[in-house]
Amino acid sequence: MNAFANHFSFEFRTGIRDKTLLLMNYLFPLGLYGLLGFLMAELNPLFVETMIPAMIIVAILSGTVLSLPNPLVTAREAGIFRSYKINGVPAISILTIPALTTMLHMVVVAAIITATAPLFFGAPPPVNWAGFILVFLLAAFAHAGLGMLISVISSSSRAVVLWSQLIFLPSMMIGGLMIPYSMLPGALGKVGLLLPSTHAMNAFQGLAQNQVTAFAPLWSVLILLAGGILSFGLANYLFCWDRLNTTRRGHPALALLALLPYVLGAALL
Amino acid sequence: MDGISFEVQRGEIFGLLGPNGAGKTTTLESLEGLRAPDGGILQVMGVDPTRESRKLRNLIGVQLQTSGLPDSMRVDEVMRFFCAYHGVAPNYHLLDRLGLAEKMSAQYHTLSSGQKRRLELAVAVAHTPPVVFLDEPTAGLDVPSRIELHNLMRELQTGGTTIILATHDMAEAEKMADRVAILLRGRIAVTGTPRELTATGAGLTKVSVLTEGHSLSETSVTFPAVSQQAFKDEYAIYYSTDPGLTVSAIIAHIEAQGDTLIDLRVERPSLEERFLEITGTRGDQ
């Protein structure tokens, strides 16, 4: 327990000490929140209605999909995991602790957004706080799982950028953040259902804001939960200690299995 | 690796020598559980490094040749972090001893390469493991740090710690190791104590003599068992296959010539010379 607490404490401090992580965990999502708050409120008054969940999901995307994988890939390439292995640091700690500390940073950012958006932009606060917390945790869990999976299958920092952007950009455009899912044309809507952000937005609207949703929010909850479990499970299975001795238990293409709940969701909903 | 087999006794310092690519690091990493061998049997204190890695962790301390630590981790955090995983209290005294006391708050990326090596060494031995693997431990260390490392190794050995040392530094191996094995293209070419290895080679003992007069300056003077001779800086130098016989004859000759002996030095063939002989790289040096 002492080792876990020590590791957790170090990782959390790294998220503030490291300038890149500080930028991606706090400055980028909060900066974007301020910018979009002023711009979008003018351009699209409907955006204000979903502003709090949308900006929280942007923060989650930034902290998990964009910033979580790169330090892990760099650490593996630099032989840091080798030092961990010979000193008894288990793989599960390497995979879960950065995800947990990132989620803690996200809690801080989410709290700032939730507290200030009603004051500055007139955004409606959550109605159901238990639902709000549940969906926040599930969205962070599902996205952190994808971030971990990217870190495990990426052979370099350049590959990380590619995979991360493959999730981040579509999430911003068709993930229900800027344009509601219900307003997307049929085919784009189906593609949108492949993204965790679409389900997170649907669940936030249904369970935290008590609004009418395009499909039952319970499906979104189940899909996010299954996606997160699959992602972390696959990340653990495909984890590799160093680039020199690449004894991996499975082919990196197995990571695509993490999309299974989202594909099923797109097919059935 | 190709059919290598060796045993190391408790409390022994065992040196693994060999040219680049001979298999030293592969051997060590297999014993440390970082590599899975294709076949064969590995045991460290009765533990299979491949199958029982968790059990192995507290039995061994490792300083890797290539590894790293998180850039933003401070020196005191490094000690706390790894000691926590080994379930022991942080050993800050060790950091002090290895000259890192003033660097406690420094982040890893700000340390010099020598300081990083010392920190990694401190982490390797902080939990007092019974077996320590050191892969090129003195690479990048200055002279005082090297001496401190050797003192620490001797102390660990006195306390019963077994040390397996892979090094390119022949003087270090000769000075520190109880036994050495020379690896060549994945095989053990020769194994034994440094004295045994140097004694079994074709290496010649160097006898250097300085006299007051010129009794040895005649190149026509020959001595038994001498295969080569030379003159350098007023010294007559003889390479002998039997230094006892040669030295006796030289002293007798000096006395017979009424000359006075000022200096006489006998240097055994070094492990480095034996290493070069075995690895066939003498001509490259």
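See the structure shown above.
So, here's what we can say about the structure. Quantities reported herein were computed from a predicted structural model and do not represent experimental measurements.

Points about helix α6 (residues 91-121) of chain A
Residue and element names in this part refer to chain A.
Here is step 1: Look at α6: 44 Å from first C-alpha to last across 31 residues, which is about the 45 Å you get at 1.5 Å a residue.
Here is step 2: Within α6, the axis deviates most sharply at Ala115, by approximately 30°, and proline Pro118 lies no more than four positions further along.
Here is step 3: Taken from the residues just after α6, Gly122 is the one with a positive phi, measuring 70°.

Some points on the packing of α6 of chain A against helix α7 (residues 129-153) of chain A
All names here are of chain A.
Here is step 1: Put simply, α6 and α7 touch, their axes get as near as 10 Å, and they point 140° apart. In terms of axis orientation, α6 runs oblique to α7. The chirality of how α6 crosses α7 is right-handed. Counting all contacts with α6, which are made through Ile94, Leu95, Pro98, Ala99, Met103, Met106, Val107, Ala110 and Thr114, the residues of α7 involved are Trp129, Phe132, Phe136, Leu137, Ala140, Phe141, Ala144, Met148 and Val152.
Here is step 2: Of the residues contributing to the contact of α6 with α7, the split by class is 17 nonpolar, one polar and no charged.

As for a nonpolar patch on the surface
Residue and element names in this part refer to chain A.
Here is step 1: A contiguous nonpolar surface patch, about 470 Å² in accessible area, is contributed by Leu188, Val191, Leu194, Leu256, Leu259 and Val263.
Here is step 2: For Val263, the position within the fold is in helix α12 (residues 260-268).
Here is step 3: We classify Val263 as partly exposed; its relative accessible area is 42%.

Structural notes on the interface of chain B and chain A
Here is step 1: Taken residue by residue, the interface counts 24 residues in chain B and 24 residues in chain A.
Here is step 2: In total, about 2300 Å² of surface goes out of reach between chain B and chain A, with carbon and sulfur atoms giving 56% of it.
Here is step 3: Where chain B packs against chain A, one counts three salt bridges.
Here is step 4: Here Arg13 of chain A makes a salt bridge to Glu77 of chain B, at a shortest N to O gap of 2.2 Å.
Here is step 5: Inspection of the region where chain B meets chain A yields eleven residue pairs in polar contact (both at pLDDT 80 or more).
Here is step 6: Broken down by element, the residue count for the side of chain B that touches chain A peaks at seven residues, all from helix α3 (residues 75-86) of chain B.
Here is step 7: Classifying every residue of the side of chain B that touches chain A gives eleven nonpolar, seven polar and six charged.

A few points about unusual backbone geometry
All names here are of chain B.
Here is step 1: Positive phi, normally seen in glycine, also occurs at Met45, with a value near 55°.
Here is step 2: Among the structural elements, Met45 can be located in the loop between α1 (24-31) and α2 (53-57).
Here is step 3: Positioned with a positive phi, Arg185 is a non-glycine residue whose angle comes to about 45°.
Here is step 4: For Arg185, a relative accessible area of 69% gives the class exposed.

Conventions used here
Residues numbered from 1 in each chain as written. Chains lettered and ligands numbered in written order. Predicted model: local features only at pLDDT ≥ 70, side-chain atom pairs only at ≥ 80, totals over all residues. Heavy atoms only, no water. Helix = DSSP H or I, 4+ residues; strand = E, 2+ residues; numbered from the N terminus. Expected span 1.5 Å × (residues − 1). Bend = angle between axes of the 7 residues up to and from the residue. Axes fitted to C-alpha atoms, helices over the stretch in contact; angles between N-to-C directions. Parallel < 35°, antiparallel > 145°, perpendicular 65-115°, else oblique. Left-handed = near helix turned anticlockwise from the far one by under 90°. Contact = heavy atoms within 4.5 Å. Nonpolar A, V, L, I, M, F, W, Y, C, P; charged D, E, K, R; others polar. Patch = residues over 30% accessible without salt bridge, like charges linked within 9 Å, V, L, I, M, F, W, Y side chains within 5 Å. Areas by Shrake-Rupley, 256 points an atom, 1.4 Å probe, with all protein chains shown as cover. Salt bridge = Lys/Arg side-chain N within 4 Å of Asp/Glu carboxyl O. Buried < 20%, exposed > 50% of the residue type's maximum accessible area, 1.4 Å probe, protein only. Buried area = accessible area lost by both parts, 1.4 Å probe. Polar contact = N/O pair within 3.5 Å; in protein donor to acceptor, adjacent residues only side chain to side chain.

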